[in-house]
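Spelled out from the first residue to the last, the chains are:
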Amino acid sequence: MTAPLMLPMATDIGNPTVNIVIFALFVLATLGIVFRASRNNKTAADFYAGGRSFTGPQNGIAIAGDYLSAASFLGIAGAIALNGYDGFLYSIGFLVAWLVALLLVAELLRNTGRFTMADVLSFRLKQRPVRMAAAISTLGVCFFYLLAQMAGAGGLVALLLGVSNRAGQSIVIAVVGILMITYVLVGGMKGTTWVQIVKAVLLVIGAGIMTIWVLAKYSFNLSSLLGAAVDKSPAAGEKLLSPGLQYGLTGVTKLDFISLALALVLGTAGLPHVLMRFYTVPDSKEARRSVSWAIWIIGIFYLFTLVLGYGAAAIVGPDRIKAAPGKANSAAPLLAFELGGEVLLGVISAVAFATILAVVAGLTITASTSFAHDIYGQIIKKGQISGDGEVRVARYTAVVIGIVAIVGGIFANGQNIAFLVALAFAVAASANLPTILYSLFWRRFNTRGALWSIYGGLSSTIILIIFSPVVSGKVDKKTGASLSMITDTSIDFHWFPLDNPGIVSIPLAFLLGWLGTITSKEPVDVDRFAEMEVRSLTGAGAEKAVPH
Amino acid sequence: MSDIGDRDLTTYRDVQLSPDFSELRRRFRRFVFPMTALFLVWYFVYVLLAAYAHDFMSHKVGGNITVALLFGLGQFVSTFAITMIYVRWADRRIDPDAEKLRHQIEGAPQ
């Protein structure tokens, strides 16, 4: 270790000016792209779905850009550095989940819907109630995910730009929010998609360079890298290399882990901002290619994070990671600094920042599309509205959502954000996925089944989280400090033992969907079902790409 | 059958009941449902082993490479493999027939 790194204040590492300059270059470049892309934004299909004219590979890269949030880059690398193998388990769940999307959802959804998840769910059921439920659940998932990203931005700022006071962090959160609103307003889905593509390419290249660099230090021998990580982590030792360090403590934590694994693998195919990306390609074949590309990019990226995580443990060491302002999240940036000094740290910081910006933009366009198209266009105006009118509402909504995200992000700054992402996945897996699968594959499925499943899944997830240890009553046994959202240890109203509600809420939502259906006398709309089934498999009548 | 809209298949319901469509649906489901079951079972076997079989998973197979690491990397390999197999299969076994039906329904290609 070199002398300057012994400084206790880890905000002193790197050079904030370098970070800011590199980040500003990214912002300028993407703004340029967004303005260029906006010249062809004419119709609703342009604004919501990028004219459906992206190729499979382009959309696949953009999906990876949407999916690989700062939580998965900084979070997983940090989790592996500190908890070893248990951090790796996250990435496996996040990756395998894509097979659900590939085999069961992407193509059928592309062929059946227009802009949103609600288009598919309400296709053959009673329009208004089902669309409303689907839109509420879409907005819910987007809100939790958005809050997590914005709150995470505050922590990142502390780490990367050396902004440690809250007011300064709040200003940066506001800047992130305003940039994101600009991307969405100007660029629509087309501009947002290009931002995702640029960001994904930068992220994968950055992580790839670091991975090769780390491996080169250990003569490309994974075993010696793992050995070095173990040597540098006396507290964890050999346990770093096998599961259980974080989740293997008691029977409850093991169950918690299984619950998390369930939500991860079933949540992805119900994430509305992921589903919406399938509408940006011309047909189901391209939707299939997009998922295939996304799986390769995401999979390779997670393999990089495995090396980066153990590399951070071996080269930086757990003590310095824990002492840094962002704790686990600082593992990858610290590793970058150790390898390539200020410049590499600047690049990686800018990439991490760009990641937040791009994911937030993707979520915002999804939420505003769902509000404008589902709630305003179809429910309030009953479809009697021009595409232009809808898009205008979508733009207003994007501004409102941006402001909500800024305010929410400022308030949530410093909160435990991992649970917000877990919550978004749990809601997606409980409220969205059962209804999507039932309506695509179960002939008898009806309106009551859909409503019970969506509302039941949504409310059970939220209730179980509120009464779980993440919100109140979790105390670190050694230090006596609170690990919950409510840090006052005298307030404890939790009765659900697990942090992750999926193991209860997901089966419950499937059960409610079935129970609601068989208790309802609503007849099957055979014609609409026939249309949905034929369209979903053949692509007949599917929305076409916009010619330019 | 010609590429021009088939007179016998006037509604989606007729298409749905036609033997060609039934065959396409059967073929699709007979691939994706077992494949989904397969990867979910394999994933949960792995998750359960990770949660409850620590001794087995921490066994070293060579150097510092543990059984757990091989199983984890195995999930990556199986995911990549299933993706490749499915894409190849769907390109060959679904797309041509789906396209034929689509042309019958929509009329001649533009």
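Residues numbered from 1 in each chain as written. Chains lettered and ligands numbered in written order. Predicted model: local features only at pLDDT ≥ 70, side-chain atom pairs only at ≥ 80, totals over all residues.

Enquirer: What exactly am I supposed to notice about the overall build of chain B here?
Expert: Looking only at helices and strands, one finds five helices and two strands in chain B. Reading the secondary structure of chain B in the N-to-C direction produces α-α-α-β-β-α-α. Pairs at least 24 apart in sequence give 59% of the contacts found in chain B among residues at least 6 apart. (Helix = DSSP H or I, 4+ residues; strand = E, 2+ residues; numbered from the N terminus. Contact = placed C-beta atoms within 7 Å.)

Enquirer: For this particular structure, what's the right way to read the confidence of the model for chain B?
Expert: Atom-level detail of predicted coordinates should not be read off regions where pLDDT is low. Residue and element names in this part refer to chain B. Confidence in the prediction of chain B, expressed as mean pLDDT, is 87, and 88% of residues score 70 or more. Confidence over residues 1-5 falls short of pLDDT 50; this stretch has nine contacts with residues more than four positions distant or in other chains. Quick note on the complex model: pTM equals 0.91, ipTM equals 0.90. (pLDDT = per-residue confidence, 0-100.)

Enquirer: Please clarify how the interface of chain B and chain A should be interpreted in this entry.
Expert: How big an interface is tends to be expressed through the accessible area that disappears when the partners come together. On the chain A side, the residues contacting the 42 residues of chain B number 42 residues. For the side of chain B that touches chain A, the elements supplying multiple residues, two or more each, are α1 (12-17), α2 (19-52), α3 (54-57), β2 (65-66), α4 (67-93) and α5 (95-106) of chain B. Broken down by element, the residue count for the side of chain B that touches chain A peaks at 13 residues, all from α2 of chain B. Here the residues of the side of chain B that touches chain A sort into 26 nonpolar, eleven polar and five charged. (Nonpolar A, V, L, I, M, F, W, Y, C, P; charged D, E, K, R; others polar.)

Enquirer: What should I look at first to understand the UniProt feature "transmembrane region" (unreviewed entry) in chain B in this one?
Expert: Residue and element names in this part refer to chain B. Under the present numbering, the feature "transmembrane region" (unreviewed entry) in UniProt falls on residues 31-53 and 65-87. Helix and strand shares over residues 31-53 are 96% and 0% respectively, and the end C-alpha atoms of the span are 32 Å apart. Secondary structure over residues 65-87 splits into 91% helix and 9% strand, and the C-alpha atoms at its two ends are 32 Å apart. (UniProt positions renumbered as here; feature names shortened; annotations may be inferred.)

Enquirer: Help me out: how do you make sense of α2 of chain B in this one?
Expert: Every α-helix carries 3.6 residues per turn, so stepping three or four residues along brings you back to the same face. For α2 of chain B, which comprises 34 residues, the first-to-last C-alpha distance of 49 Å matches the rise-based estimate of 50 Å (1.5 Å per residue) to within 8%. Within the sequence span of α2 of chain B, burial applies to F21, L24, F28, V32, Y43, Y46, V47, A50 and A51 of chain B. (Expected span 1.5 Å × (residues − 1). Buried ≥ 20, exposed ≤ 12 C-beta atoms within 10 Å, placed from the backbone.)

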